[in-house]
Amino acid sequence: MLTKLDTSNLSRSHLEKALFSRLAEEESARIEVVVKSVVRSVRRDGDKALVRLTKKFDGITLRPDQFRIEHREIEAAYGKIPPDTRRALKRAHANITAFHKKSLRASWGSRARDNSFLGQKITAIANVGVYCPGGKAYYPSSVLMNVVPAKVAGCSRIVMVSPPSSGGSIHPALLVAADIAGATDIYRVGGAQAVAALAFGTETIPKVDKIVGPGNIFVTYAKRLVTGEVAIDMEAGPSEIVIIADSSASARFVAADMLSQAEHDELASAILLTTSDALAQNVLRQLRMQMKAMERRHIISESLRRNGLVLVCRTIDEAVELANRRAPEHLELLVRNPQRLLEKIEHAGVVFLGEHTPNAVGDYFAGPNHVLPTGGRARFSSPLSAEDFLKVTNVVSYTSEKLRADARDIVLIAELEGLTAHANAIRVRTEK
């Protein structure tokens, strides 16, 4: 079902291959050609292209005036999901909002004794687009995780797009989550064509300044292609988890958490790094037992076969070293003293401490964002936050006295670079 290895029996090269071969994305030249064609069509033909492509890829015929979700549809959606579900979404919304409010920077300024002024003006990106998967699968948690930070940041327009189902609607849970989170506009358009519509604007869908949100490989390619026309959050790869566990860990819990990531799709990666061979054997047994009851067991089985790994390490420090090199999206520390081990963790999108903090807590409810860097990008990238919806404008104000005091140094540097007009802009103000 999946590979079990022992680091003491592996060469460095084999260890690298076991850990890192799973980082490669299955990219297809055919997909790239399709996405480029879609993006060009939407940029050129606007709504006409959206009508054509929605019929082609989603099997739905919609007029442009049917793209937008009307308020009455959102109101009706509340009655289509159970009250307990509505309450759970609202509680998750409160947790996510509270967490992201803590991360916001504020504008600042500093006035010196000579009355010169330096500072930064922090403002929200005005128009943002949120892509939310839909159609066959729907993820209201992704709606909350992408819309809430934008709302907290103060974005004035938050446009959500999501593919229509076979009946032409968007799942009511997505509409309720979007309404709770504060989306201002919702459109039943999906795929690469929706990303292009957000990037360039059409007669119906407004152009935005930044696009966030997960999607399939077509959506990922489209976001890559429109980067520069708009900003994007990150390129999302297959979901991944690394678990560091010692002999104190529960094999049931470890297996359950590996399965929870493997069920995302066949490319998802679940890796256990443990110092206990007995735990490793028990986890393998638990995986086989628990998987039988999972609805997505065929996806799980393929994910574990292709990308699953149980690695027995010589020491916890070795496990930490391997985890840091892997820089996973999700990292769980199921050890006796997880807080102490956290000090040694350098690269991870999110770290879950202890046996009572499975990754599902972070995926849905605790508050931190579940939009996380994948594919080793945690070495240099961060989770999505309200900060990602802000931009900084530097502010400078000199007095005549301050300018005269600094003039010589500025002129010297300008002339060193051969930019005499820059130097002249200083001289005309300071020389009599």
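Position labels on residues start from 1 in each chain and follow its written sequence. Where local features are concerned, this predicted model is filtered to residues with pLDDT of at least 70; where side-chain atom pairs are given and counted, the filter is 80 or more; whole-chain, interface and lining totals use all residues. Only hydrogens and water are set aside when side-chain values are computed; all heavy atoms of the structure are taken into account.

Looking at an unreviewed UniProt entry, the protein carries the name Histidinol dehydrogenase, with the source organism given as Abyssobacteria bacterium. UniProt positions are given in the numbering used here, feature names are shortened, and annotations may be inferred rather than shown by experiment. Its UniProt record, at the heading Function (unreviewed entry), says of the protein: "Catalyzes the sequential NAD-dependent oxidations of L-histidinol to L-histidinaldehyde and then to L-histidine."

*Asks:* Kindly report on the UniProt feature "binding site: NAD(+)" (unreviewed entry) in the protein, identifying the contributing residues and their values.
*Replies:* Under the local residue numbering, the UniProt record ascribes the feature "binding site: NAD(+)" (unreviewed entry) to Tyr131, Gln193 and Asn216. Across 86 residues, the annotated set stays spatially compact, with a maximum C-alpha separation of 12.6 Å. The helix count covers DSSP runs of H or I at least four residues long, the strand count covers runs of E at least two residues long, and both are numbered beginning at the N terminus. Turning to its location among the elements, Tyr131 is positioned in strand β4 (residues 127–131). Apart from the residues lying within four places of it in its own chain, the contact partners of Tyr131 are Val161, Pro163, Gly190, Gly191, Ala194, Val195, Val212, Gly213, Pro214, Gly215 and Val219. A polar contact is formed between the side chain of Tyr131 and the backbone nitrogen of Gly191, at a distance of 2.7 Å. Mapped onto the elements, Gln193 comes out in helix α8 (residues 191–200). The contact definition used throughout considers only heavy atoms, calling two residues in contact when any of these lie within 4.5 Å. Not counting residues within four places of it along the chain, the set of residues in contact with Gln193 comprises Val38, Val42, Leu50, Leu53, Thr54, Phe57 and Asp58. Polar contacts here mean pairs of N or O atoms no more than 3.5 Å apart (in protein, one a potential hydrogen donor and the other a potential acceptor; neighbouring residues in sequence count only if both atoms are side-chain atoms).

*Asks:* Which residues make up the confidence of the model for the protein, and what are the values?
*Replies:* As a per-residue measure, pLDDT tells how confident the predictor is, with possible values from 0 to 100. For the protein, the mean per-residue pLDDT works out to 92, and 97% of the residues sit at or above 70. Within the protein, strand β5 (residues 157–161) carries the highest mean pLDDT (98), whereas helix α1 (residues 12–20) carries the lowest (71). Overall, residues 22–26 carries pLDDT values under 50, and its contacts beyond four positions in sequence, including any with other chains, amount to 19 contacts.

*Asks:* Which residues make up the UniProt feature "active site" (unreviewed entry) in the protein, and what values go with them?
*Replies:* Residues annotated in UniProt with the feature "active site" (unreviewed entry) correspond here to Glu329 and His330. Along the chain, the position of Glu329 falls in the loop between α13 (316–326) and β12 (330–334). Only protein chains enter the accessibility calculation, which uses a 1.4 Å probe. A residue is then buried if its area is under 20% of the maximum for its type, exposed if over 50%, and partly exposed in between. Judged by relative accessible area, Glu329 falls into the buried class, the value being 7%. Side chain to side chain, Glu329 and Ser239 meet in a polar contact 3.3 Å long. The residue His330 is located in strand β12 in this model. Apart from the residues lying within four places of it in its own chain, the contact partners of His330 are Ser239, Glu240, Ile241, Val242, Gln261, Val350, Phe352, Asn359, Asp363 and Leu372.

*Asks:* How would you sum up the sheet that holds strand β7 (residues 210–212)? Please name residues and give values.
*Replies:* Paired through their backbone hydrogen bonds, the strands of a sheet run either parallel or antiparallel. Paired strands are those between which DSSP finds at least two bridges. If you walk across this open sheet you meet the five strands as β6-β5-β4-β7-β8, and the pairing is parallel. Each edge of the open sheet carries a strand with a single partner, namely β6 (185–187) and β8 (231–232). Two strands pair when backbone bridges link them, and β5 and β6 are joined in this way by three bridges, in the parallel orientation. Within β6, the residue paired with Val159 across the bridge is Asp185. Taken strand by strand, helix α6 (residues 140–153) contacts β4, β5 and β7, and its axis lies near 165 degrees from that of β5. Axis lines are fitted to C-alpha atoms, over the contacting stretch for helices. Their N-to-C directions set the angle, which ranges from 0 to 180 degrees.

*Asks:* With reference to specific residues and values, describe the pairing of strand β9 (residues 240–245).
*Replies:* Of all six residues making up β9, six are buried, and the element is well covered by its neighbours. Both faces of β9 are covered, namely the face carrying Glu240, Val242 and Ile244 and the face carrying Ile241, Ile243 and Ala245. Sheet analysis places β9 next to strand β10 (residues 269–274), joined by six bridges and oriented parallel. Note on β10: the bridge partner recorded for Val242 is Ile271. Running through helix α10 (residues 251–262), the crossover from β9 to the neighbouring parallel element β10 is right-handed. The sheet contact formed by β9 and β12 spans five bridges and is parallel. When the strands point away from the viewer and the connection leading from the first strand across the helix to the second strand turns clockwise, the crossover is called right-handed.

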